[in-house]
Every structure is written in C-alpha cells, then in structure tokens.
Amino acid sequence: MDEVKAIKEILSSYDEISNISDDGKIVFFELYNNTYGLVFLSLTNPLSRPIIFVKDNKQYNYPHIMLSEIPINGDNYRALCLYESGTQIEYIKTYEEKLIDVINKLFELLNLSSYEIEKEFQKEFLFYWNAQAKETVDAYIQSERTFDCMDAYKDKEGFFRFVSRKIALNDKSKYIHIPNLNVYYIPITDNRRILPPIKNKLWNAQVILSIFKGRDYKRIDSETYKAIQTEKTDQTEVIFIFEMLINKQIVTFGVRVRFKGSTHSTLLKKIENSIDEIDYLKIKRCDYYFLNKQIGNETSIIGKKIAIVGAGSLGSYISVEMVKSGIKDLTLYDSDTVEGENILRHQSDFFWRGCSKVYSLQYKLQQIHPEVMVEIKSKDITAKTLKDEMNKFDMIIFAVGNSDIQLSCNNLLKKENYTKPVLYVWLEAGGSNSHILCVDYSQKGCFECLYTDEKGKLINNKVNIMNEEQVENHTLRNGCGATRVAYGSSALLRTTSAVLDMVQRVFNHEIKKNILLNITRTSITEQNERFIESRCNCCGDSD
C-alpha cells in the first residue's frame, strides 16, 4: 500500500481541507488557516496509529497541543494529543479507519465551544502545570477539604515535603522541620475559568488574587476566606497548595509566592498588595487517604483500630493486606520468632530469621506508608492483657493457631460483654480448608459453639473438614514437642481475601447476625445460625 497516497485521498474527501502536499513521508495540509502534518509511523505494527502535527502554533488557543517543538523541513511543529489512553482498541482497526478517526478528532478539537475548550484545558491541567514546575514536593493532606495550615520538612538531600498538622508520620526522624516556611492548603470550590499556565498565558499575581478574591466567581468557601483574613505572617514567602475537583478527579498543585518586604500582615493583605513573584510546584499527594481513594479502597475504615492476635503466616498476610486496604492502625500480639522453615509462607524476609515476628512485621508494615502505625506486643495474649486492652480497638482478629488461646479469649470477651466485633480465623492442616467466624457478643453464637455438641459436651472443632488421620499426615514435628501443619500460600491468599471482605462488611454494618464462613479451594459457604449450640457453656442457655 502507498500510505502517502492513501492519506492524501482521505484528506481530499474533506471540503474544509486544502493545499495537500507531501515530502515522501509526511502529508501536509491546511485547515482553518493552520498548517498540519500527518504521518503514519508503521503499517506493519497493528498498534500503530497516525499522528498529526500543527505548524508554528504559538497561541495555544486549543488544548491537546504538546509543548515540545519538533523541527520539520525548517519549520517548528507540535504534536497534537488526540487520543485518550485505553479508550480504543487499535489492533482491530484498519489503516483507513485509523486515518479517518484521527482526522475526525482534529475536526472535533477545532470546533469546540469556548466552554468545551475550558473543560478540555482543565482535564489536562496538571500536564501544563507540572511542565512549568521546577520542583516536586510530596504532600500529606488531611482528608477534609477545608483550609489547613501545614508544616514543611526537608530531608538530608534537600527534598521538601509538606504535612498537615492533623497527620502523624512514622518517619519524622528522617526529616528536619522548617519552622519559618508557612504552608497553606486551599481547597477551590468553584474552578470555572481557572486555566493552566501555558507559554503565552502564565500565572501572575492577578491570577492568584482572583482565586482568593475573585470578582466574578467565588472560588473559595467562606471559612477559607475568613482564615486568610485572620492568618498573619511576616515571612517573605509562603506556599499555597491548591486543590480542585475536575471530572470527580482530585487535582492538586502548588505555588511558592514571594512577597515584597517582610511586613507583618494578614495573608489576604499580602496577597492583595505584596506579591512579587511566583514559582510553580509539582505536588505529589502521598497521604494515606488519597492513595486509598485513588485505587478504590473504602476510605470510611481508615480511622479504625484493629488488633491481630497471632503474627504467624496467616496473621502476617492479614496484617499486610489490611494496611493496603485502608487500615493504618494495628496492634500485633505474638511471642514467636521468624524461622527459616516458615519464610516461604510468611510476609517476613529471610533477613529476619531468629528475630521477633511482630518486630519484623512492624518494620515491613510501616515501610509501606509513613502514616501506618503499628504497636507490637512480643508476647502471647493473656486474659489479663485482653481485658486491659480490648476497648482500645474497633475490632479484634484472632489468627493464632492455638485453640486454647482462642477458647479462653472467647470466654473472657463474652463474660465482659465485649461490644466490638471479633473475627476468629484459622486454617486446617493441608491448606484445603479454612474458616472465619464473625462474632458479636450481644448475640447467640461464639467460638466455643464450634467445640460443643448438642448435649453441651466439649468436643474437637466440629466444623473442620479433615479427620484426625488426615491432620496427622499434614503435621510436621521438630522432635522437641513443637509442631506445625503443612499448607501453602494459596490457602493464605484466599483466606486473607475473605477476611478483608468480612472486615469491610462488618464496618459497613452489613452483618446482622453471627456467621461462619467455610472456605475451600473452589467455594465460600456461609452459615448463619446452624453453628450455634443452645447448650454452649459460654453463650448458650443457662438451663
């Protein structure tokens, strides 16, 4: 196929396009008083698509014009970004379909209304803003979209980060506080006519002032306006972190504003009268709330405090995935150490052999994000410890493989009328089956019900599927009384997934009764009242 000829034939079918020519590779044409070039880089690559360049367009009156200049035959061109990543499947399109599609997109761009042009520029706001920025700063912003004073910190390499005073971080020792740099978070409530800086329309003092005190639009709420009216500073520079919502997406950007002189005055007065120059800052939101929201995690659970009893294989998997799912405040209980034999089914690395399991997990979890706070107890939980500390938590998860600990803790929690939800999670030997029991102690049904027959006699856990011989075949002994059961990572992964789902359901108030989940390789079945024993010595009828 002669691709140049094909491009020219398609272009000539449009009445608005004129002066079509080529240099052997690129086809040039005129449209609405501008000159464009069109090239198809590869006919053999099914993922390739045509590119359109615009010649010497310095006005930037339209969005989607790339910033870098490309010299073509002695003239400067800029590429047009006419595609949205992931919205089309190029593989299934023909050469002609791709050409027609890109030309039609160019027409759509050039026929946008002024309102549509504004919206398209705002969609690309950070592309243009960050291109002007010479400095990138991490920001830990509060979850509420309200005016906030933030602290500035700098690491030993000179990189800044800005942190809301409402946020605690676990790595503050690595940073030096900069007390004489004031940082303010400014949520924008009305983003109409707020356009990104482009080469011929950069931001200046008037644009900054229009955000705080606009004549045509009220861009900040009354509380923010009152705050800048009363907030006083004598600093020669301040940082403003602006944030607005565009198509339901959070757009965060910053400016370093330098003032003329160091007079002590309100922020508003300084903004009105003393702005000397501004620098653009690329703001990378790193706060835990924002990162969870970005990937679709449920943010309503972020403030919950959870205790995990048992930091073995299952407890380690649950704790890591909890942190990645919106829980940043954990307490871990376990007296055991990391052993090499368990490394391949534990979240601790080989490096931690012989070290405390809870200490190794604390290090790993707090490395995931600076807002994660993990309290550790290098001891097995006792009835006294549980009684003293249980009311600190919004949920307790038992992931310990010791039934005696689970039964004794279950009995105490029932006796104390514990009001928070409790999960008991365990794996059967061999890894084929696992179980989750969710208990609200104000209702019938508890962990001891699983060890009670219909006559009220204590028995082995009746919901376990494997018989004693099968359990024996999957039990490993070290010769001095200690045992562990054989199971692999697949059992840990599917059980952890079910735990995460159960935690979410509990905090969303979707669980109305105590329930038992039975998990196999192929299914998850839910039992509501069938596991409850009326003659249970812990939660059953007294007669």
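Keep in mind the model is a prediction, meaning the values are calculated, not measured. (Residues numbered from 1 in each chain as written. Predicted model: local features only at pLDDT ≥ 70, side-chain atom pairs only at ≥ 80, totals over all residues. Heavy atoms only, no water.)

Participant: Is there a simple way to think about the sheet that holds strand E3 (residues 34-39) in this case?
Facilitator: Note on sheets: strands pair through backbone hydrogen bonds, and any given pair is parallel or antiparallel. Overall, antiparallel pairing links the 6 strands, which are arranged E1-E2-E3-E4-E6-E5 in an open sheet. In the strand order of this sheet, the two ends are held by strand E1 (18-22) and strand E5 (70-72), each with one partner. Between one strand axis and the next, the sheet turns through 35 degrees on average, direction left out of account. One ladder, built from 5 bridges, connects strand E2 (residues 27-31) with E3; its direction is antiparallel. By the bridge assignment, Phe28 is partnered in E3 with Gly37. The sheet strands contacting helix H1 (residues 3-11) are E1, E2 and E3, and the helix crosses E2 at an angle near 15 degrees. (Pairing = 2+ DSSP bridges. Helix = DSSP H or I, 4+ residues; strand = E, 2+ residues; numbered from the N terminus. Axes fitted to C-alpha atoms, helices over the stretch in contact; angles between N-to-C directions. Contact = heavy atoms within 4.5 Å.)

Participant: When you look at the side chain of Gln347 in this model, what are you seeing that I'm missing?
Facilitator: With respect to the element layout, Gln347 can be found in the loop between strand E17 (329-333) and helix H10 (357-368). Dropping the residues within four chain positions of it, Gln347 is found in contact with Ser316, Tyr317, Val320, Leu361 and Lys364.

Participant: How should I be thinking about H10 in this particular structure?
Facilitator: If you check H10, its first and last C-alpha atoms are 17 Å apart, about what 12 residues at 1.5 Å a residue would give, namely 16 Å. Every buried residue of H10 is listed here: Lys357, Val358, Ser360, Leu361, Gln362 and Leu365. On its buried face, H10 sits against helix H9 (313-323), E17 and strand E18 (373-377). You can read the cap of H10 off the contacts: a side-chain oxygen lies 3.3 Å from the backbone nitrogen of Val358, and it is on Ser356. (Expected span 1.5 Å × (residues − 1). Buried < 20%, exposed > 50% of the residue type's maximum accessible area, 1.4 Å probe, protein only. Polar contact = N/O pair within 3.5 Å; in protein donor to acceptor, adjacent residues only side chain to side chain.)

Participant: Please clarify how the packing of aromatic side chains should be interpreted in this entry.
Facilitator: How two aromatic rings sit relative to each other is set out by the distance from centre to centre and by the angle between their planes. As enumerated under the stated definition, the model contains 28 aromatic pairs in all. On the basis of an interplanar angle of 45 degrees and a centroid distance of 6.4 Å, the ring pair of Phe160 and Phe162 is categorised as tilted. For Phe160, a relative accessible area of 17% gives the class buried. When the ring of Phe351 is compared with that of Trp352, the centres are 5.2 Å apart and the planes differ by 90 degrees; the resulting orientation is edge-to-face. (Phe/Tyr/Trp six-rings, centres within 6.5 Å; stacked < 30°, edge-to-face > 60°.)

Participant: How do you make sense of the pairing of strand E15 (residues 275-285) when you look at a structure like this?
Facilitator: As paired strands, strand E7 (residues 135-140) and E15 are joined by 5 bridges and run parallel to one another. Its bridge partner being in E15, Ala139 is matched across the sheet by Arg285. Note: strand E13 (residues 249-259) against E15, 6 bridges, orientation antiparallel. Across the sheet, residue Phe259 finds its bridge partner in E15, namely Ile275.

Participant: Where do I start with the nonpolar core in this structure?
Facilitator: It is characteristic of soluble globular proteins that their nonpolar side chains tend to be buried jointly. Among the nonpolar cores identified, the biggest contains 41 residues, and Ile306, Ile397, Leu423, Val499, Met502 and Val503 are the most heavily contacted of them. Looking at this core element by element, the count peaks at 8 residues for helix H14 (residues 489-507). Other than its neighbours up to four places away in sequence, Met502 contacts Leu423, Ile436, Cys438, Ile511, Ile515 and Leu517. Counting 33 residues, the second-largest nonpolar core is a separate cluster that includes Phe147, Tyr184, Phe212 and Leu268. (Core = buried A, V, L, I, M, F, W, Y, C linked by side-chain atoms within 4.5 Å.)

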